[in-house]
Amino acid sequence: MAALGIIYSERKLTTLLLEEQKIRGSGLSKTAASFASEPLLSKDYPVLTTYAKTMVLENELEWMSIENKDGVKVASYPINKGETEFKEHEVFSFPIQIDNLHKIGKVRLIISTQAAQEKIAQITSRVIFYTTLAIILFSILLIIVLHFLIAKPVHKLAKEAIRLGEGQLNDPIPIKGNDEIATLSITLDKMRIGILSITDSLKDQYVELERLALVKDEFLTNMSHELKTPLNGITASLDLLEPDNLAEDQIELINTIRYSSKSLTSILEAIIDFTLLQGKKLKIEEEVFNPKTLIQDSIDEALEEIDLGQNNVIIESSPEMAQDFIGDCHFLHKVLRRILNNSFKFTENGEITVSFTESETQGHYTFRVTDTGTGIPRNKLPLIFNKFTQIDQSTTKKFAGVGMGLTLCKKMIESLGGEINVESTEGEGTQVEFSIPLKLSPPSESPVNSNPQMSSAQNTHSAESQSVQPQDCLPVLLVEDNPVNQMVTMRLLETLGFTVELAENGVEAVNSFKTTSFEAILMDLSMPEMDGFEATIQIRSIEDQEDHTPIIAVTANTLDSDRQRCFEIGMDDFLGKPINKKVLSNALCKWTRVSQL
């Protein structure tokens, strides 16, 4: 406001100066005209010249001239200058009259405006200075006011918002005053209370979800164990039956029971894998494997579940088949077995071809299974990876299943960083291929099918296997708590030519190992008093390093976490229940001095 007042005052002063100059000019020109009338009338031009000079010098004029009635200049000062030579001036004139009636000439004088302009410039400079100063002071004052009234509270509010964003919800938002900032503070504090309430609720829900997940995992583990334990009794009992002593219809019933138990086991494994994949709890474990051996093992296991019939299985040779790779062969085995199951199931009197080649993508390799089966209708192809979906949904469908096979394959392959594709023509056949990243194994490493921890001490058995026969009655320790599995496993081992010592828990197993040397130990995991994990740890701690005893897990706990833990504590192989005579004999040939059973 002070600046505005200064501007107004200075403007008014400038106006007065200009008006004063006009009044002075008019007065001087009128006075000069009054004095010049008589000399002009008498044509006394020298007097007029002297008068003009006097007027200019005494009144600080720039120039003055006197004209006659005809407009002729009769006197002027300075004499040698004209009106047009002056800049920044103002001209005043007044008529020379007699008796205020008769015009006999005219007086013209020039007053410089430079002084007035300099004065005005000074005034303007002062106005600009004071105005600028006033604006600066006002701005500073405004900034200070805004800082304390708005910026500082807003900054504090922003810091509080950042604190809430970082999860610091316990301290309340400070509230001061009753203005808009205070209203925002109240709103932010209400938000804090709401977030705190939601966070507490989410924490409770998370704890509950973790508890339910743990309960689910425990249920899954227990159900897997409890279902596979009796299944093992069924499978092993069927292997103990002598077909030569049975009628044809009895053999058919036994084969039906064997097929049903295999199907039930396969469904149970699919459910377990599906649950683990949903919870993303399957772990990727790298080990050395040979693709041809992996393919052959997958074919053999698939044939245990589904009869090959009149089909022909071909393994196409390739340079990559002879190489060893590093990857999760356990996952790959499951995927191949499920794909082969489908090919065997949907192919009659046809051909199934399996190949392994290098992919176009560097570092990736492709498994391909091609069959000449029934094929898949074009409109059904987009559905094949949907869970619990089967192509034939009719009540009279020929092929049974829960519809999770390819869904599990897709999830497993994607978890390995690969992709799976299916091409099919109805009535002609189907091709399933999946590509995954694999690393070539260094030449110094040897292929391992199921156990990456195989040591040189364990290879000693293989080297000596030529000199030992089953009838030599090599001792084997069976560690098993279930009576049915004790009976059937002992009889299976006896039919294979081994003598068996039984331990019903881990404590008995450790005590037996201290007093007796065994060719191998078959170790259950879930047992009273001491489980198989702890028993293995204690056995490994007391055994002679140069006389390694193979420990083979034989368990219904077939989760990948259980399998990996077995290898980590020093077990040599892992057999999931239910087992059969062939699986058991293969494992014993692999880990004992017996070359053939």
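Numbering of residues starts from 1 in each chain and follows the order in which that chain's sequence is written. Given that the model is predicted, a residue must reach a pLDDT of at least 70 before its local features are reported, and side-chain atom pairs must reach 80 or more before they are shown or counted; all residues, however, enter totals for whole chains, interfaces and linings. By convention in this description, side-chain values take in all heavy atoms of the structure and omit both hydrogens and water.

So, on to the confidence of the model for the protein. For the protein, the average pLDDT comes to 79, and 83% of its residues sit at 70 or higher. You can read pLDDT as the predictor saying how much it trusts each residue, on a scale of 0 to 100. Contact definition: two residues touch when any of their heavy atoms are within 4.5 Å. A low-confidence stretch, residues 391-402 (pLDDT under 50), is modelled with 17 contacts involving residues beyond four sequence positions or located in other chains. In the predicted structure, residues 445-467 sits below a pLDDT of 50 and forms 50 contacts with residues beyond four places in sequence or in another chain.

Within a sheet, each strand pairs with its neighbour through backbone hydrogen bonds, oriented either parallel or antiparallel. In this scheme, strands are said to pair when DSSP sees at least two bridges between them. Only runs of H or I of at least four residues qualify as helices and only runs of E of at least two qualify as strands under DSSP, and these elements are numbered from the N terminus. Reading across from one edge, 6-8-9-11-10 is the order of the five strands in this open sheet, with mixed pairing throughout. The two strands at the open ends of the sheet, each matched to only one other strand, are strand 6 (312-315) and strand 10 (419-425). Pairwise comparison of adjacent strand axes, ignoring direction, gives a mean angle of 10 degrees for this sheet. Pairing of strand 6 with strand 8 (residues 351-358), which is carried by four bridges, proceeds in the parallel orientation. Bridging across to strand 8, Asn312 finds its partner in Glu351. Interaxial angles span 0 to 180 degrees and are taken between N-to-C directions of axes, which are lines fitted to C-alpha atoms, for helices over the stretch in contact. Its contacts with the sheet place helix 8 (residues 329-345) against strand 6, strand 8, strand 9 (364-371), strand 10 and strand 11 (429-437), and it is angled at close to 20 degrees to strand 9. Helix 9 (residues 405-415) rests against strand 10 and strand 11 of the sheet, and its axis sits at about 145 degrees to strand 10.

Attention now goes to the pairing of strand 1 (residues 63-68). Of all the six residues making up strand 1, six are buried; the element is thus mostly covered by neighbouring parts of the structure. Only protein chains enter the calculation, and the probe is 1.4 Å; a residue is then buried if its accessible area is under 20% of its type maximum, exposed if over 50%, and partly exposed in between. Because side chains alternate across strand 1, one face comprises the buried residues Trp63, Ser65 and Glu67, and the other comprises Met64, Ile66 and Asn68, equally buried. Judged from the six bridges that link them, strand 1 and strand 4 (residues 102-112) form a sheet pairing that is antiparallel. Each bridged residue has a counterpart across the sheet, and for Glu67 the counterpart in strand 4 is Lys106. Inspection of the sheet shows strand 1 paired to strand 2 (residues 73-77) by four bridges, in the antiparallel sense. Looking at the pairing, Ser65 lines up with Ser76 of strand 2.

It is worth spelling out the packing of helix 7 (residues 291-305) against helix 8 at this point. Two elements in contact, helix 7 and helix 8, have axes separated by 8 Å at closest approach and are oriented at 50 degrees. In terms of their interaxial angle, helix 7 and helix 8 are classed as oblique. The interaxial crossing formed by helix 7 with helix 8 has right-handed handedness. Only Cys329, Leu332, His333, Leu336, Arg337, Leu340, Asn341 and Phe344 of helix 8 make contact with helix 7, whose side of the interface consists of Leu294, Ile295, Asp297, Ser298, Ile299, Glu301, Ala302, Leu303 and Glu305. Class assignment of the residues belonging to the contact of helix 7 with helix 8 gives a composition of ten nonpolar, three polar and four charged. Small angles under 35 degrees read as roughly parallel and large ones over 145 as roughly antiparallel, with 65 to 115 read as roughly perpendicular and the rest as oblique. Rotating anticlockwise by less than a right angle from the far helix to the near helix defines a left-handed crossing, while the corresponding clockwise rotation defines a right-handed one. Each residue is assigned to one class: nonpolar for Ala, Val, Leu, Ile, Met, Phe, Trp, Tyr, Cys and Pro, charged for Asp, Glu, Lys and Arg, and polar for all the others, Gly among them.

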